[in-house]
Amino acid sequence: MLPGARGVSCSLLVSFRFSLPAPLETKQISPNIYCSVRYSQLFGPSEKSFPSSEDNKTIYYASLLQSCISQRAVDPGKQIHARLLHVGNAFNPVLGTKLVNLYSSCNCLPDAHKLFDRIPKQNIFLWNVLIRGYAWNGPQEAALSLYYEMLKYGLKPDNFTFPFVLKACSTLSALQEGQDIHEHVLRSGWESDVFVGAALIDMYAKCGCVHSSREVFDKITERDVVLWNSMIATYNQNGHPSEALALFRDMNSMGFKSTEATLVSVISAAANVANLPQGREIHGFSWRHKLESLDKVKTALIDLYSKCGSLTIARRLFENLNQKRVVSWNAMIAGYGMHGHAAEALALFEEMKRDKFQPDHITFVGVLSACSHGGLIDKGWEYFKLMTGDYSMEPKVQHYTCMVDLLGHSGKLDEAYNLINGMCIPPDSGVWGALLNSCKLHKNVELAEVALQSLIELEPDDAGNYVLLSNIYAQSGKWDGVAKVRKQMTERGLKKSIACSWLEVKNKVHGFLVGDFSHPQSTDIYKELEKLGGLMKEAGYVPNTEPVFHDVEDDEKMHMVTSHSERLAIAFGLISTPPGTRLVVSKNLRVCDDCHVAIKFISKIVEREIVVRDVNRFHHFRNGECSCGDYW
């Protein structure tokens, strides 16, 4: 223990309510802190041992505390604090600020705030360190309260204050408060500061205001790579991956050097649109700029190749990681799961356990999703209980969604409904949506109505939920129910989402809608579909018009089915690429039953692999079979 600490008045320590640590353990701190503390011990409690002036004493202790701050060494810092209490310097503005910084940095915020309340508050740095602590560690509301208290105190926020308090707004998605603080930024003249700008971009992004983020970005003329990274991440995280990729190209053309964070964002953007050529180009870029070996970049590449259907490359990257982290295992497990390779996903999870890695919540989302895609009910329950039992994890809503999907798809609708009713957290739209989808699959109208009612309460303006119930009514021939749902949609001003499929040929993305004639090669596309239709009929294909939920004649239903957007995309791919070329098609909705059967026939007839990524999963069609085993 530091000299003098043993002589501190018990009443003083108790009243201040700081807990002192056990005697100093040198193995817990870095050599520079230990040497400094040992030097202090040599001086002993005598004031004659210290440099003569108060200023020098302050510098001496400030140096000790700065070492503790840099090493996040809170216990030695508390011992120094005890010494300062003994000699009466604990509330010195400089040393007090250092102590507040130490406790704040080490997430000892109650201690930090108590000390903050005992110090003269003219120092902006003192306010900043406490605001930062609450902004990063919570409760974020306390950071906002401190900010407004600081303004009342008469201090002007600086370019450190604004990023911290905007971080609190981002975490809380507090748009109104964020906009108020943006006004303060403009009035204070810090709008051109890149760190303040990056914080504003992030705040608007977390609140879903992408346009406002871009306005902030465009108004800052002197940009740095941090600002570019913030805007690229904003686009990618808010469902605008194409804009993220375009901004990345602009960034390169203006001579900015990409960082690890840049590449992680743009690789993720390429993955989100399943743009393999663009992903390969970025992969090459990372190799040329000597960033490929960074594990975060490799992990992003694992996710990219998984989402683009290249699991072999993804696994090779995974095995070549310098240091596997939980996020790396999660990416590979999820990759196998989304492609329906449940056995490989579960085997990798078992390997992860053998290698003594601690799975997290995301790991179990990947594992349970793999069980769901593979229809492995017993395994799903086994891993669900493993998570809650052996690993003492409280299930999150995503875990329940996987289990409801697994049970529902397997026809155990009552069991799925009972699981929802027994959830320890409120079910969200994903949980009820999984049940509604299962009701459609198994034509359970009564339970579908229950699920829809819950969905309407959660998402009153989501047209997809109404459409799904309408389709369930149509499957059962309940056209009055269909009319009722359509009337509700009309009254609410809701419109059905239009199915769209797209694929990339020669670095250009081609999109198709159902019955689309807008493509320049539409005549050739429909000729190819007609030719394929004849060959499929000879091979035994009979169109299933059940997915057409309209009260129309069978001939019209057949035409509607055969001109679905994924078939148009496949036909275009067949006439635009050499024989044997793998086709990768993405669709914004679920592949219908008839198209699933038809693509199996097409893959065998043309002797090609056809990959379809729909809203639920990947389907790999080869030689008349699908990787999903007709379970999706």
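Residues numbered from 1 in each chain as written. Predicted model: local features only at pLDDT ≥ 70, side-chain atom pairs only at ≥ 80, totals over all residues. Heavy atoms only, no water.

## Considerations on the pairing of strand S5 (residues 618-622)
Right, so step 1: The element S5 is extensively covered by neighbouring structure, given that four of its five residues are classed as buried.
Right, so step 2: Summarising the sheet, strand S4 (residues 610-613) and S5 pair through four bridges and their orientation is antiparallel. Bridge pairing links Val611 to His620 in S5.
Right, so step 3: Where S4 hands over to S5, the hairpin turn is made up of four residues, counted between the paired strands.
Right, so step 4: Bridge analysis of S5 against strand S6 (residues 625-626) gives two bridges, and the strand direction is antiparallel. In the sheet register, Phe621 faces S6, and the bridge partner there is Cys626.
Right, so step 5: Joining the antiparallel neighbours S5 and S6 is a turn of two residues, in which Asn623 adopts a positive phi near 50°. (Buried < 20%, exposed > 50% of the residue type's maximum accessible area, 1.4 Å probe, protein only. Helix = DSSP H or I, 4+ residues; strand = E, 2+ residues; numbered from the N terminus. Pairing = 2+ DSSP bridges.)

## What to know about the pairing of strand S2 (residues 508-513)
Right, so step 1: Bridge count between strand S1 (residues 500-505) and S2: six bridges; the pairing is antiparallel. Bridging from a neighbouring strand, Val505 pairs with Lys508 of S2.
Right, so step 2: Hairpin connection between S1 and S2: a loop of two residues separates the two successive antiparallel strands, and Lys506 in this loop has a positive phi of roughly 55°.

## A short note on the pattern of salt bridges
Right, so step 1: Counting across every chain of the model gives 16 salt bridges.
Right, so step 2: With its nearest N and O atoms 3.8 Å apart, the salt bridge here joins Glu319 to Lys324.
Right, so step 3: Residue Glu319 is classed as partly exposed on the basis of its relative accessible area, which comes to 35%.
Right, so step 4: Between Asp630 and Lys600 there is a salt bridge, and its shortest N-O distance comes to 3.0 Å. Of this pair, Asp630 sits in the segment after S6 while Lys600 sits in helix H32 (residues 593-606), and the two are 30 residues apart along the sequence.
Right, so step 5: By relative accessible area, which is 16% here, Lys600 ends up buried.
Right, so step 6: Within this structure, Arg315, Glu319, Lys324 and Glu351 form a network of salt bridges that share partners. (Salt bridge = Lys/Arg side-chain N within 4 Å of Asp/Glu carboxyl O.)

## Brief notes about the state of the cysteines
Right, so step 1: Counted according to the given criterion, the structure contains zero disulfides.
Right, so step 2: The closest cysteine sulfur to the non-disulfide-bonded Cys207 is located on Cys209, 5.9 Å from its own sulfur.
Right, so step 3: The structure places no disulfide on Cys402, whose sulfur is separated from the nearest cysteine sulfur, that of Cys371, by 9.0 Å.
Right, so step 4: When its relative accessible area of 10% is taken as the criterion, Cys402 is described as buried. (Disulfide = S-S within 2.5 Å.)

## Structural notes on the sheet that holds S6
Strand-to-strand pairing in sheets goes through backbone hydrogen bonds, with the strands running parallel or antiparallel.
Right, so step 1: Here six strands make up an open sheet; going across it, the order is S2-S1-S3-S4-S5-S6 and the pairing mixed. Edge positions in the sheet fall to S2 and S6, since each of these pairs with one other strand and no more.

## Topic: the environment of Ala463
Right, so step 1: As for its position among the elements, Ala463 is in helix H27 (residues 463-475).
Right, so step 2: With 34 residues separating them along the chain, Ala463 and Ser497 place their C-alpha atoms 7.3 Å apart.
Right, so step 3: Setting aside residues up to four positions removed in sequence, Ala463 forms contacts with Met489, Leu494, Lys495 and Lys496. (Contact = heavy atoms within 4.5 Å.)

## Here's the deal with the packing of aromatic side chains
Right, so step 1: All chains considered together, the criterion is met by 19 aromatic pairs.
Right, so step 2: Ring centres 5.4 Å apart and planes at 65° place the aromatic pair Phe349 and Phe364 in the edge-to-face group. In this pair, Phe349 is assigned in helix H20 (residues 342-354) and Phe364 in helix H21 (residues 361-374), connecting sequence segments 15 residues apart. You'll find Phe349 and Phe364 in the same group, each marked buried.
Right, so step 3: Seen from their ring centres, Phe349 and Tyr383 are 5.4 Å apart, and the 85° between their planes marks the pair as edge-to-face. Highlighted residues: Phe349 in helix H20 and Tyr383 in helix H22 (residues 377-388), separated in sequence by 34 residues. With respect to burial, Phe349 and Tyr383 carry one shared label: buried.
Right, so step 4: The ring of Trp136 is capped by Lys167, whose NZ or CZ atom sits 4.5 Å from the centre of that ring.
Right, so step 5: Directly above the ring of Trp228 sits Arg223, whose terminal nitrogen or CZ lies 5.4 Å from the centroid. (Phe/Tyr/Trp six-rings, centres within 6.5 Å; stacked < 30°, edge-to-face > 60°. Lys NZ or Arg CZ within 6 Å of the ring centre and 35° of its normal.)

## Let's talk about unusual backbone geometry
Right, so step 1: Gly138 connects to Pro139 through a cis peptide bond whose omega is -5°.
Right, so step 2: Here Pro139 shows up in the loop between helix H7 (124-137) and helix H8 (140-153).
Right, so step 3: A positive phi angle, close to 65°, is found at Lys356, a residue other than glycine.
Right, so step 4: If you trace the backbone, Lys356 turns up in the loop between H20 and H21.
Right, so step 5: Even without a glycine there, the phi angle at Lys443 is positive, about 55°.
Right, so step 6: Relative to the elements of secondary structure, Lys443 occurs in the loop between helix H25 (429-442) and helix H26 (445-458).
Right, so step 7: Accessibility expressed as a relative area gives 39% for Lys443, which makes it partly exposed.

## As for the side chain of Ser328
Right, so step 1: By secondary structure assignment, the location of Ser328 is in helix H19 (residues 326-338).
Right, so step 2: Here Ser328 is in contact with Thr299, Phe318 and Leu321, once residues within four sequence places are set aside.

## Considerations on the nonpolar core
Right, so step 1: Core analysis: the largest hydrophobic core is formed by 156 residues, its most contacted members being Val100, Leu263 and Leu435.
Right, so step 2: Formed by 29 residues, the second largest nonpolar core is a distinct cluster that contains Leu568, Phe572, Val585 and Trp632. (Core = buried A, V, L, I, M, F, W, Y, C linked by side-chain atoms within 4.5 Å.)

## Side note on the packing of helix H24 (residues 413-421) against H25
Between two packed helices, both the angle of their axes relative to each other and the distance between the axes serve to describe the pair.
Right, so step 1: At a closest axis distance of 11 Å, the pairing of H24 and H25 adopts a crossing angle of 165°. By the angle class used here, H24 and H25 are roughly antiparallel. Like other packed secondary-structure pairs, H24 and H25 cross with a definite hand, here left-handed. Along the contact surface, H24 presents Leu413, Ala416, Tyr417 and Ile420, while H25 presents Val431, Trp432, Leu435, Ser438, Cys439 and His442.
Right, so step 2: A breakdown of the residues in the contact of H24 with H25 according to their chemical character gives eight nonpolar, two polar and no charged. (Axes fitted to C-alpha atoms, helices over the stretch in contact; angles between N-to-C directions. Parallel < 35°, antiparallel > 145°, perpendicular 65-115°, else oblique. Left-handed = near helix turned anticlockwise from the far one by under 90°. Nonpolar A, V, L, I, M, F, W, Y, C, P; charged D, E, K, R; others polar.)

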